[in-house]
Amino acid sequence: MWNQPVECLPREELRRLQFRRLQEVLQYAYAKVPFYRQRFQSAGVRPEDIRQLEDIKYLPFTTKDDLRDNYPFGLFAVPMQAIVRIHASSGTTGKPTVVGYTRHDIEVWSEVMARTLGAAGASPRDVVQIAYGYGLFTGGLGVHYGAEKIGCTVIPTSGGNTKRQIMLMRDFGTTILCCTPSYACYLAEVMAELGVKREELKLRAGLFGAEPWSEGMRREIESSLGIEALDIYGLSEIIGPGVAAECPAKGGLHIWEDHFLPEVIDPATGEPVPPGEEGELVFTTLTKEALPVIRYRTRDISLLLSDPCPCGRTHVRMAKVKGRTDDMLIIRGVNVFPSQIEEVLLSLGYTEPHYVLVVDREKRLDVLEVWVEVSEHIFRDEVRGMEELEEKIRREIEALLGIGVKVRLVEPKSIQRSEGKAKRIIDRRDMK
Ligand code: DLL
């Protein structure tokens, strides 16, 4: 464990610390950021009205649109001289969201990332290959600083150049791999093509995140690479990677609560959900200087697990993210996330972990087609049996998720591989 006294702080103390820091950050944001002052005023609340943690529900939310509307630096609480780093997330439309860090923020980020890597057992003896993108994306540099803080040997490969990644992994004796889960699958596939055996590598663990992935995908990665695959969660607006991390118990991701205060709300009403129920995650930063964020709506669907964890850490856990509200498909009234379809596909075992969901509209009804690759031998040997297999998978999805879909088995390697965040949905409705 990287920081046992804090990671195992008794809950009562943790809550007292959170409340003290919440009061500080509210006063700070109110004083330094006109946006927050105006928002609080129009909601009729002042920082001192918040008398206990639960009162946070009286404060207004902050959304991605608020960051965009104040592009680029309008929500910063410090002058530019105090900013030592800028990151930005591109998003799919419009202007990027820009985030800034003071030197203190970078220290906090390195600390939470050190805890995150520590939860995977990282120590100065580890060689950590970082195949998250370096640049404006927070993945590369965020993980990098945490690994250096621990004293690991860092290999900053960034994403892409897959064959070289594998060569370096073998020649430099990489023990921990950090990248998106979809890229880990692709690395395993190319390794097999190159004839590189698992035994030639020293790899023992991987920290995979930045996109939703199912338990089925975990099994796939763990068996193809022969490693322990752990989940790592974060978002630029809150700090980047390192908001929450899985420990070897694999029963949810510990949220580093001394720095980030989580809530779960009903995305439709904005009201808090009862404890333990699923909803949208909302975070408040408790220690950020450059960009304090109050009640940020992540659009990520998860739930909080507050029963004790066998690892001894006391920080509350969030369940693996099911998906983003933006990616939720409503198929004939039933809500589905790509990760649920992924789980069904991979648990059946007939197909490869490469799939894409195509959404279209026929006669004013939304229809979903699942395109998924079959393995080389099925494709070659069983062309006649393909239709039967499609039918079988279709029935399983229908039985488990209660939605009617079309299934199309496609040729091996025909679905585009991802080096970063995979694009799982092709929405043709917008094109009509
Ligand atoms: O993806 C930060 C990150 C980098 C996290 C590396 C983990 C590892 P953004 O580009 O701002 O930041 O995207 C944040 O990605 O709101 C989620 O929708 C999604 N996401 C991140 N981690 C996970 C995860 C980085 N473990 C958005 N599971 C978030 C599911 C995740 N979704």
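Not measured: the values here are computed from a predicted model.

A. Region of the structure containing the packing of aromatic side chains. For the structure shown, the criterion picks out eight aromatic pairs. With a centroid separation of 6.3 Å and an interplanar angle of 70 degrees, the aromatic rings of Tyr36 and Phe40 are classed as edge-to-face. One end of the pair is Tyr36 and the other is Phe40, both in helix H3 (residues 34-43) and four residues apart, which spans about a single turn. Pair check on accessibility: Tyr36 and Phe40 agree, each one buried.

B. Fine view of the domain arrangement of the chain. As assigned here, the chain comprises domain 1 (1-326) and domain 2 (329-431). Between the C-alpha centres of domain 1 and domain 2 the distance comes to 29 Å. Contacts between the two partners involve 27 residues from domain 1 and, on the opposite side, 17 residues from domain 2. Taken together, the connections running from domain 1 to domain 2 amount to four salt bridges. Ionic pairing is found between Glu189 and Arg417, a salt bridge with its closest N-O pair at 2.7 Å. Counting every contact that joins domain 1 to domain 2 gives 12 residue pairs in polar contact (both at pLDDT 80 or more). Of the residues contributing to the side of domain 1 that touches domain 2, the split by class is nine nonpolar, 10 polar and eight charged.

C. Structural detail: the pattern of salt bridges. In the structure shown here, the tally under the stated rule is 39 salt bridges. Linking Arg324 and Asp300 is a salt bridge whose minimum nitrogen-to-oxygen distance equals 3.3 Å. Residue Arg324 is found in strand S15 (residues 323-324), and its partner Asp300 is found in strand S12 (residues 296-302); the two are separated by 24 residues along the sequence. By relative accessible area, which is 7% here, Asp300 ends up buried. Three or more residues joined by partner-sharing salt bridges are found here, namely Glu189, Glu193, Glu373, Lys413 and Arg417.

D. Structural detail: helix H2 (residues 11-32). In a regular helix each residue adds 1.5 Å, so 22 residues correspond to 32 Å; H2 covers 31 Å between its end C-alpha atoms and thus fits that length. Those residues of H2 that are buried lie in contact with H3, strand S10 (260-265) and strand S11 (279-285).

E. Spotlight on the site of the ligand. If you check the shell around the ligand, you find 19 residues, and the closest are Asp231, Ile232, Ser236, Asp300 and Lys421. Pro212 places a main-chain nitrogen or oxygen 3.5 Å from a nitrogen atom of the ligand. Taking Ser236, its side chain carries an N or O atom lying 2.4 Å from an oxygen atom of the ligand. For the ligand, whose free accessible area comes to 610 Å², the fraction covered by protein is 95%. Elements supplying a minimum of two residues to the shell around the ligand: helix H6 (138-150) and strand S7 (228-235). Take the shell around the ligand: its biggest share by element is five residues, from S7.

F. A nonpolar patch on the surface, seen in detail. On the surface, a cluster of nonpolar side chains totalling about 340 Å² of accessible area is made up of Phe73, Met80, Ile86 and Leu136. Summarising the element assignment, Ile86 is placed in strand S1 (residues 85-89).

G. Local environment of the side chain of Arg313. Secondary-structure assignment places Arg313 in the loop between strand S13 (304-305) and strand S14 (317-318). Note on Arg313: relative accessible area 7%, which makes it buried. Sequence-distant contacts of Arg313, defined by excluding residues within four places in its chain, comprise Met1, Glu7, Cys8, Gly118, Ala119, Cys247, His254 and Trp256.

H. Broad picture of the packing of helix H8 (residues 181-194) against helix H9 (residues 215-225). The interhelical angle for the contact between H8 and H9, taken along N-to-C directions, is 35 degrees, at an axis separation of 10 Å. Here H8 and H9 pass one another in a crossing that is left-handed. Across from Pro181, Ala184, Cys185, Ala188 and Met191 in H8, the residues of H9 making contact are Met217, Glu220, Ile221, Ser224 and Leu225.

I. Just the sheet that holds strand S4 (residues 153-155), in detail. Strand order across the open sheet formed by nine strands is S4-S3-S5-S6-S7-S8-S9-S14-S13, with mixed pairing between neighbours. A single partner strand is all that each edge strand has here, and the edge strands are S4 and S13. Judged from the four bridges that link them, S7 and strand S8 (residues 240-246) form a sheet pairing that is antiparallel. The residue of S8 that forms the bridge with Leu235 is Gly240. On the sheet, H6 packs against strand S3 (127-130), S4, strand S5 (176-179) and S8 and is oriented at approximately 60 degrees with respect to S8. Those strands touched by H8 are S5 and strand S6 (205-209), and its axis lies near 125 degrees from that of S5.

J. Local environment of the pairing of strand S2 (residues 97-101). For S2, a buried count of five out of five residues is recorded, marking the element as mostly surrounded by other parts of the structure. Sheet analysis places S1 next to S2, joined by five bridges and oriented antiparallel. When the sheet's bridge partners are listed, Arg85 is paired in S2 with Tyr101.

K. Structural context of the packing of helix H5 (residues 103-118) against H6. Their axes nearest at 7 Å, the elements H5 and H6 cross at an angle of 75 degrees. Looking at the two axes, H5 sits roughly perpendicular to H6. From H5, Ile106, Trp109, Ser110, Glu111, Met113, Ala114, Leu117 and Gly118 reach across to H6, where they touch Thr138, Gly142, Val143, Tyr145, Gly146, Ala147, Lys149 and Ile150. Class assignment for the residues of the contact of H5 with H6 results in nine nonpolar, five polar and two charged.

Criteria and thresholds
Residues numbered from 1 in each chain as written. Predicted model: local features only at pLDDT ≥ 70, side-chain atom pairs only at ≥ 80, totals over all residues. Heavy atoms only, no water. Phe/Tyr/Trp six-rings, centres within 6.5 Å; stacked < 30°, edge-to-face > 60°. Helix = DSSP H or I, 4+ residues; strand = E, 2+ residues; numbered from the N terminus. Buried < 20%, exposed > 50% of the residue type's maximum accessible area, 1.4 Å probe, protein only. Domains from an automatic or database assignment. Contact = heavy atoms within 4.5 Å. Salt bridge = Lys/Arg side-chain N within 4 Å of Asp/Glu carboxyl O. Polar contact = N/O pair within 3.5 Å; in protein donor to acceptor, adjacent residues only side chain to side chain. Nonpolar A, V, L, I, M, F, W, Y, C, P; charged D, E, K, R; others polar. Expected span 1.5 Å × (residues − 1). Near = heavy atom within 4 Å. Areas by Shrake-Rupley, 256 points an atom, 1.4 Å probe, with all protein chains shown as cover. Patch = residues over 30% accessible without salt bridge, like charges linked within 9 Å, V, L, I, M, F, W, Y side chains within 5 Å. Axes fitted to C-alpha atoms, helices over the stretch in contact; angles between N-to-C directions. Left-handed = near helix turned anticlockwise from the far one by under 90°. Pairing = 2+ DSSP bridges. Parallel < 35°, antiparallel > 145°, perpendicular 65-115°, else oblique.

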